[in-house]
Amino acid sequence: MLPNTLDGELKRRLLRKNYGDYVVYANPRFYMTKFHRYLTDQIQEFLEHPCSKAMEILLLSVPPRHGKTYTVTETLPSWYLGKYPDRNVIIASYEGTFAESFNRRNRDKFNEFACDIFGCKPNDKVQGVALWETAEQGRCRAAGLKGGITGYGADLFIIDDPIKNQEAAESETIIAKIHDEMGPSVQSRIHPGGKLIVIQTRWVENDVIGFIEKHWSEFIYKSINLPCECEDPEHDPLG
């Protein structure tokens, strides 16, 4: 908890205003690189952009083991629900237990950091790993994408690594199941004007990003592809 001093209040204001600084503060062992700062800035720009459509989508294609989960899935919902404690978030991944691990970390960061920074409170009666709530009736729900997502809507929907690995990506059955869930379990859950973030390592062309580019292209706000090795220095956003 930050001290109730002038310096403490100035720090709170900075963390409320800047998502990248919140990531550093809420993950003390995390080292913020130029890559991560670019990612957090893009995410904040996306969330703050007024949406005049049914929904808006941010697509993030990044290599494995680059800290994408730290900067997005394990931290963003806690900041977002601190800022908007009456809204709803859904976190989805290739299986429910994986999504629940993300949700648990967000719950802990909300309780430890966001409540102090934003002056909000948790709902002490609902503090599970699959579902936790704020005192203002905001919710954060975790689910496996293949298992279906029922009963909840979302102002912010995050899909993190919907495909486990290359072996799963090459399974037509798994890909077909994921495609079947994109309409009833994803699009129908996003509130009007809501935001969808898809962050993944791409193994095949007909993955979730491929599905969205083919079927929901009118909702794409931005598609960011950051390969492990720069292939086009003239247009590299990281310089």
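The notes below deal with the structure included here.

Cut-offs used in this document
- Residues numbered from 1 in each chain as written.
- Predicted model: local features only at pLDDT ≥ 70, side-chain atom pairs only at ≥ 80, totals over all residues.
- Heavy atoms only, no water.
- Pairing = 2+ DSSP bridges.
- Helix = DSSP H or I, 4+ residues; strand = E, 2+ residues; numbered from the N terminus.
- Axes fitted to C-alpha atoms, helices over the stretch in contact; angles between N-to-C directions.
- Contact = heavy atoms within 4.5 Å.
- Buried < 20%, exposed > 50% of the residue type's maximum accessible area, 1.4 Å probe, protein only.
- Disulfide = S-S within 2.5 Å.
- Phe/Tyr/Trp six-rings, centres within 6.5 Å; stacked < 30°, edge-to-face > 60°.
- Lys NZ or Arg CZ within 6 Å of the ring centre and 35° of its normal.

1. Some words on the sheet that holds strand S3 (residues 122–127)
Taken in spatial order, the eight strands make up an open sheet running S3-S4-S5-S2-S6-S7-S1-S8, and their pairing is mixed. Taken across any chain shown, the strands that pair with only one partner, and hence form the sheet edges, are S3 and strand S8 (220–225). On average, each strand axis in the sheet is tilted by 15 degrees relative to the strand beside it, whichever way the strands run. Where S3 and strand S4 (residues 131–134) come together, two bridges link them in antiparallel fashion. Residue Pro-122 lies in a different strand from S4, and its bridge partner there is Thr-134.

2. Some remarks on the side chain of Thr-73
Along the polypeptide, Thr-73 turns up in the loop between helix H4 (68–71) and helix H5 (76–83). Residues within four places of Thr-73 in sequence aside, it is in contact with Lys-68, Ile-91, Phe-102, Asn-106, Ile-158, Asp-160 and Ile-199.

3. Focus: the packing of helix H1 (residues 6–17) against helix H2 (residues 19–26)
Contact pair H1 / H2: the axes reach a minimum separation of 5 Å and the direction vectors enclose 115 degrees. Judged by residue contacts, Lys-11, Leu-14, Leu-15 and Lys-17 of H1 engage Tyr-19, Asp-21, Tyr-22 and Tyr-25 from H2.

4. Section: the environment of Ser-61
Along the chain, the position of Ser-61 falls in strand S1 (residues 55–61). Assessed through its relative accessible area of 10%, Ser-61 is described here as buried. C-alpha separation for the pair Ser-61 and Ser-223, spaced 162 residues apart in sequence, amounts to 8.0 Å. Other than its neighbours up to four places away in sequence, Ser-61 contacts Gln-200, Arg-202, Ile-209, Ile-224, Asn-225 and Leu-226.

5. Description of the state of the cysteines
Counted by the stated rule, this structure contains zero disulfides. Cys-115 forms no disulfide, and the closest cysteine sulfur to it belongs to Cys-120, at a distance of 4.3 Å. On the accessibility criterion, Cys-115 (13% relative accessible area) is buried.

6. Some thoughts on the packing of aromatic side chains
Tallied over the entire structure, the rule returns nine aromatic pairs. Look at Tyr-25 and Phe-113: their rings are 5.3 Å apart centre to centre, the planes differ by 70 degrees, and that puts the pair in the edge-to-face class. Here the residue Tyr-25 occupies a position in helix H2, and Phe-113 occupies one in helix H6 (residues 96–118), the gap between them amounting to 88 residues. Judged by relative accessible area, which is 11%, Phe-113 ranks as buried. A ring pair is formed by Phe-46 and Tyr-221, whose centres lie 5.4 Å apart and whose planes are at 45 degrees; its orientation type is tilted. With Phe-46 in helix H3 (residues 34–48) and Tyr-221 in strand S8, this pair connects stretches of sequence that are 175 residues apart. When its relative accessible area of 0% is taken as the criterion, Phe-46 is described as buried. For Tyr-221, a relative accessible area of 23% puts it in the partly exposed group. Taken together, the aromatic side chains of Tyr-19, Tyr-22 and Trp-79 make up a single cluster linked through ring pairs. For the cation-ring pair, Arg-87 lies above Tyr-84, with the distance from its terminal atom to the ring centre recorded as 3.8 Å. Its guanidinium or amino end placed over the ring of Phe-46, Lys-195 lies 4.7 Å from that ring's centre, counting from NZ or CZ.

These values are about where atoms sit, not about what they do.
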